[in-house]
Amino acid sequence: MKKKLFALVALSLPIVLFILLEFSLRFNSLYSPYPLFISLPSNNEYLIANPDFGSQYFPDFKPSIAAIPFSKQKNDSILRVVTIGGSSAAGFPYQSYFSFSGQLSRHLMYNVPQYQSEVINLSMTAINSYQYVDMIDEIIAIQPDVVLVYGGHNEFFGAYGSASNFGFSMINHPIVKQLIIKLNRLALIQIPKKIIANSADKTKDTRTLMAKTIKQVSIPYKEPLYNSTMEQFELNMRTILSKLDKNGIPVIMSKIGSNLKDQKPLGTSSYSDSLFQLAKEIEIQTNISQADSLYMAAKEHDPLRFRAPEEINQILEKLHLEFKKSYLIDGKSTLKSISESGIEDNSVFTDHLHPNDKGHYALSVLFFESILKVLNLQQELLDETVAPYLPISSFDQTYADIQIAKLTSEFPFEKNMSVSSSNYLFNQKAKKIMSKSLPDSLSALTYLKHLLVIEQLSMATSYELKSNDTLSYVKHAWSLANWQLFNKKYFIKSLEIISKNPKVEDFALEMSLLAANYHNEAIFFELNGAFLLKQNKLKTAKYWLEKSVELNPNSTYSWYNLARLSVLDGDTLAAKKYYERYVQIK
């Protein structure tokens, strides 16, 4: 008996010591548990995505994640949407408010104002289905009404991808890699790794992440590594869909698109190059359908697999039929339908696969229409409409342009070029971009010097205001508002300036709707009602005006507009009542 007890103690002692050491190391400043969400520093009632979350997957890179605040306590008045995906879903090269998620938020604010819209974009550069699996439990915990997925391009070269320098690529099995991701959260593993990283050579590598990530440059079509990558994507996505299904949370996945016509194969392959060249020749003959098929084949046989193979979309088609709460939309066809050539091209993409602002807008409409059906919101619509396309500010466009200039100055877009030559090429492009205007220069410097976007954007906004360029000012002012959603004074000041000019009333409405989503203030409700009344959106205008007088019964402006609205709606009795109330207060 004593021998058995001794053996049990001997066996358990290392485990106990391991646990004690692990918990003691968790007090070390080098340790981080990497929660997906943290409290908003300026307002403890809200959460935001942890800005450090993505750094756990990379040795010397921290992918940005949108800092979109949402309520800690979810109630029935909140409509919560979560988006996951890679850089395309994140909105790269644009700020997150120009991503399809950011545009989706606008559609919801326009159409279902009875809900506080929370569209939380958790997408990050260079993440893939392994990170989706890692995040899904914490996503479920915040009780989203629906989850959106637009991803699949990073399965080969994203973090823990099958051909990536980042993560464990020696064994391409989802269960092994998911275990390693969890083990990396242990202090016993995390702290030694950080000590080694801190003592390593600090020579700055100026290459883009895309250039750094490649471990294997050639992955032939349908060969073992290709096939195992498709299998791991399917298994990871099945894990995500199963968990969401069990928790009764619907998920809307989209087929993904990429630039076929204006992006030649990135890898070295005479076969894919010949298909691409043949597609060009067929296109000249105006056989668009055949050219499209050949461009697709050239992409499918491109051995450097930054653009997802069509099999990714086929897997999504297969999986959405297996789960009750899973839905599929065709973002690929949507992008193709708005392209100038009728083939996915530069008119909808900024580079090889990232949609431009018009592409994101089209995707946002597609996701919005699907959400209405999936969540049965059609009957709750007031005036059926979508938020209009919002022109992008020069600051935001330049910030996008300079990132694309950097990306396309390096491998794989420029082959057989030294780092110094790539840097020279990029610097030449940057000089041209910076020479346009002061806001463009401020934007370019923000990227080049790693300056705070909000500070430089604020300077650009002030410059446009002083220049008396009202349209340019309102574009910048709306962008700046997205960086300071809880700054009520900023909204009021901006709206005072914008609302005086009838030529920019669309932007004034955008600003007041955004303000009303975060501030329960009668002034914003009043303005929403007034702007929507001018657009003849009578039901939505009435909703906001009635909310305004609930909070401020002495609002003569709202009572007067309610009277006008009732006349337009043919309700003379209500118009008389509202007008008498207006006269009484005045």
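What counts, and where the lines are drawn
Residues numbered from 1 in each chain as written. Predicted model: local features only at pLDDT ≥ 70, side-chain atom pairs only at ≥ 80, totals over all residues. Heavy atoms only, no water. Helix = DSSP H or I, 4+ residues; strand = E, 2+ residues; numbered from the N terminus. Buried < 20%, exposed > 50% of the residue type's maximum accessible area, 1.4 Å probe, protein only. Core = buried A, V, L, I, M, F, W, Y, C linked by side-chain atoms within 4.5 Å. Contact = heavy atoms within 4.5 Å. Salt bridge = Lys/Arg side-chain N within 4 Å of Asp/Glu carboxyl O. Pairing = 2+ DSSP bridges. Axes fitted to C-alpha atoms, helices over the stretch in contact; angles between N-to-C directions.

A. Region of interest: the side chain of S441. Inspection of the secondary structure puts S441 in helix α16 (residues 438-448). Given a relative accessible area of 17%, S441 falls into the buried group.

B. Examining the nonpolar core more closely. If you look at the biggest cluster of nonpolar residues, it comprises 90 residues, and the most contacted ones within it are I84, L122, M135, I139, V147 and M237. Per element, the largest residue contribution to this core is 8 residues, and it comes from helix α8 (residues 224-246). Once residues lying within four places of it in the same chain are set aside, the contact partners of M237 are S129, Y132, V149, M253, L316 and L319. By size, the runner-up hydrophobic cluster in this structure holds 56 residues, among which are I392, L485, L509 and A574.

C. Inspection of the pattern of salt bridges at higher detail. Counted by the stated rule, this structure contains 23 salt bridges. Among the ionic pairs, K62 bridges to D52, the shortest N-O distance being 3.0 Å. Placement of K62 in the loop between β2 (43-49) and β3 (70-71) and of D52 in the loop between β2 and β3 is noted, with a sequence separation of 10 residues between them. Judged by its relative accessible area of 46%, K62 is partly exposed. Among the ionic contacts, a cluster of salt bridges with common partners joins E234, R238, K318 and E322.

D. Quick look at unusual backbone geometry. Cis rather than trans, the peptide bond between F92 and P93 has omega equal to 5°. Within the secondary structure layout, P93 lies in the loop between α2 (87-90) and α3 (100-111). With omega at 10°, the peptide bond leading from F411 into P412 counts as cis. On the secondary structure map, P412 appears in the loop between α14 (394-407) and α15 (419-434).

E. Quick look at the sheet that holds strand β6 (residues 146-150). The strand order across the open sheet built from 5 strands is β5-β4-β6-β7-β8, with neighbouring strands paired in parallel fashion. Where the open sheet ends on each side, the last strands, each with one partner, are β5 (116-121) and β8 (326-329). Direction aside, neighbouring strands of the sheet carry axes that sit 20° apart on average. Looking at chain direction, strand β4 (residues 78-85) and β5 are connected through 6 bridges and run parallel. Looking across to β5, one finds that T83 is bridged to N121. This element, α3, spans β4, β5 and β6 of the sheet and lies at about 170° to β5.

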